[in-house]
Amino acid sequence: MTDRPNEPNDGLRRVDLVLRVVDHQMVGPEGELLGNVDDVELAEVDGRWLVTGLMVGPAALSQRLPGKLGTWTNAVWRRLHPDREPTPVVVPTEHVTDIGSAVALDDWAARHLARTLGLELWLREFVISRIPGAKGGASDERPGDLVESASSEATEPAQGGAESEAVLRPRPDGRLLSDLLGRTGVSTDGDRLGRLRDLWALGGPRDGHPEPLRVTHLQFTSHQLGAELGYSADARQGPALLRAFFRWLHRNDRVVPIGGLAGIDDSAHTITVETTQMRHPFEA
């Protein structure tokens with residue numbers, strides 16, 4: 001990922017979790033495809049919001065699909081899964097070696113994903129990819145290639161057994177990124193800021209060593225148009241005419257430091273924030 005003007009000068013990279021991570025391909029050390037990032041696991045650790053894992057598979061993807069489509073996808077996954085109480089597959093972020101056009105994983109993560117993702121990859125290739133409008137379904141490989149690769153890995157003796165696979169399960173204190181996205185931002189004064197569009201984080205792999213990826217800002221927007229292409233996050237994105245149009249469209253977008261988070265109301269589906277340090281994304 002290239003540096004951007006509003007990134008800090010201490011060497012840490014800013015990562016927009018929705019724009020730069022979700023739906024991006026995960027690859028192993030040899031370039032093998034390991035599925036897409038379908039969601040992100042967050043947790044509050046020692047007073048900091050950290051990205052603790054990347055989630056992959058229909059169980060994670062179903063949380064982002066609308067209405068009955070998400071419910072149906074999750075139901076099919078649960079019915080076909082061999083475990084009585086299946087859980088989504090989560091790759092701990094310490095096994096992420098790079099975040100760029102693809103998310104690179106180390107050998108440990110690649111091997112363990114291959115042992116657990118046979119069903120997930122089959123559902124992605126032959127079920128989800130055939131659903132009109134479903135994102136993150138088909139891969140660039142021929143149908144079946146990923147499944148055959150995973151199946152061949154799965155025949156190898158497992159190292160560590162259930163104990164090693166347990167670390168691919170969600171944290172009990174974790175929260176899904178998809179659970180926060182779309183929530184209405186409300187200031188402590190009662191003003192509405194639009195809906196949560198993205199979370200900014202700092203850290204990630206650096207010089208071959210994992211760096212804790214900590215959430216630093218919440219980004220709110222009143223318009224989704226252009227946001228998925230990065231126009232609301234990067235002042236240099238796209239041709240000049242489009243940049244000018246989307247900058248006008250997103251002129252009321254706001255970024256709030258994570259320290260300004262005052263509360264998350266699950267029943268009202270809102271996020272309350274202090275706005276004393278609120279800025280436009282291009283100025284933050």
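Scroll up to find the structure this text is about.
Note that the structure is predicted; figures quoted are calculated from it, not measured.

Some thoughts on the overall build of the protein chain
Along the backbone of the protein chain there are 9 helices and 15 strands. Counting every position in the protein chain, which comprises 284 residues, the buried fraction comes to 48%. Pairs at least 24 apart in sequence give 63% of the contacts found in the protein chain among residues at least 6 apart. For the protein chain, the accessible surface area stands at approximately 14,200 Å², while carbon and sulfur atoms represent 50% of it.

A word on the pattern of salt bridges
This structure, assessed with the given rule, holds 9 salt bridges. One salt bridge connects R175 with D179, and the closest N-O pair in it is separated by 2.8 Å. The partly exposed category is assigned to R175, whose relative accessible area is 21%. Here D179 falls in the partly exposed class, since its relative accessible area comes to 31%. Taken together, the salt bridges that share partners define one network made up of R175, D179, R183 and D266.

Remarks on the packing of aromatic side chains
Going through the model one piece at a time under the given rule, you end up with 2 aromatic pairs. Between F245 and F246 the ring centres are 5.1 Å apart and the planes differ by 70°, which places this aromatic pair in the edge-to-face class. Note on F245: relative accessible area 38%, which makes it partly exposed. On the numbers, 6.4 Å between centres and 35° between planes, the contact of F245 with W248 is tilted. Of this pair, F245 and W248 both sit in helix α9 (residues 240-249), 3 residues apart, which is roughly one turn of that helix. An aromatic cluster is present here, built from F245, F246 and W248 joined pairwise through their rings.

Here's the deal with the pairing of strand β6 (residues 89-92)
Where burial is concerned, the two faces of β6 agree: the one with V89 and V91 and the one with V90 and P92 are both buried. Direction of pairing for strand β5 (residues 48-56) relative to β6: antiparallel, over a ladder of 4 bridges. Counted as the bridge partner of M55 is V90 from β6.

Regarding the side chain of H280
Inspection of the secondary structure puts H280 in the segment after β15 (270-273). On the basis of relative accessible area, H280 is assigned to the buried category, the value being 10%. Apart from the residues lying within four places of it in its own chain, the contact partners of H280 are H250, R251, D253 and R254.

Side note on the environment of M55
Secondary-structure assignment places M55 in strand β5. Relative accessible area serves as the criterion here: at 2%, M55 is assigned to the buried category. Between the C-alpha atoms of M55 and P92, which are 37 residues apart in sequence, the distance is 8.9 Å. Residue contacts for M55: discarding those within four places in its chain leaves N36, V37, D38, D39, V40, E41, A60, P88, V89, V90, P170 and L176.

Re unusual backbone geometry
In this model, D46 sits at a positive phi of 50°, which is unusual for a non-glycine residue. Note that D46 resides in the loop between β4 (39-45) and β5. Residue D46 is classed as exposed on the basis of its relative accessible area, which comes to 78%. Positive phi outside glycine occurs at H269, with the angle close to 60°. Following the sequence through the fold, H269 ends up in the loop between β14 (261-265) and β15. Of the residues examined, H269 reaches a relative accessible area of 36% and is grouped as partly exposed.

Some thoughts on the nonpolar core
Within the largest apolar cluster, 37 residues are counted, with the highest numbers of intra-cluster contacts made by L17, V40, L42, L105 and L199. For V40, the contacting residues outside a window of four places in its chain are L17, V21, V22, V51, G53, L54, M55, R175, L176 and L177.

Overview of the sheet that holds strand β7 (residues 96-99)
Taken together, 4 strands build an open sheet; the order of strands is β3-β2-β8-β7 and the sheet is mixed. Strands at the two margins of the open sheet, each flanked by one partner only, are β3 (33-36) and β7. Going from strand to strand, the sheet's axes swing by 25° on average, the running direction of each strand aside. With 2 bridges connecting them, strand β2 (residues 25-27) and strand β8 (residues 103-105) associate as parallel partners. Bridge pairing links V27 to A104 in β8. Across the sheet, helix α4 (residues 107-116) touches β2, β3 and β8, and the angle it forms with β8 is around 90°.

Calculation notes
Residues numbered from 1 in each chain as written. Predicted model: local features only at pLDDT ≥ 70, side-chain atom pairs only at ≥ 80, totals over all residues. Heavy atoms only, no water. Helix = DSSP H or I, 4+ residues; strand = E, 2+ residues; numbered from the N terminus. Buried < 20%, exposed > 50% of the residue type's maximum accessible area, 1.4 Å probe, protein only. Contact = heavy atoms within 4.5 Å. Areas by Shrake-Rupley, 256 points an atom, 1.4 Å probe, with all protein chains shown as cover. Salt bridge = Lys/Arg side-chain N within 4 Å of Asp/Glu carboxyl O. Phe/Tyr/Trp six-rings, centres within 6.5 Å; stacked < 30°, edge-to-face > 60°. Pairing = 2+ DSSP bridges. Core = buried A, V, L, I, M, F, W, Y, C linked by side-chain atoms within 4.5 Å. Axes fitted to C-alpha atoms, helices over the stretch in contact; angles between N-to-C directions.

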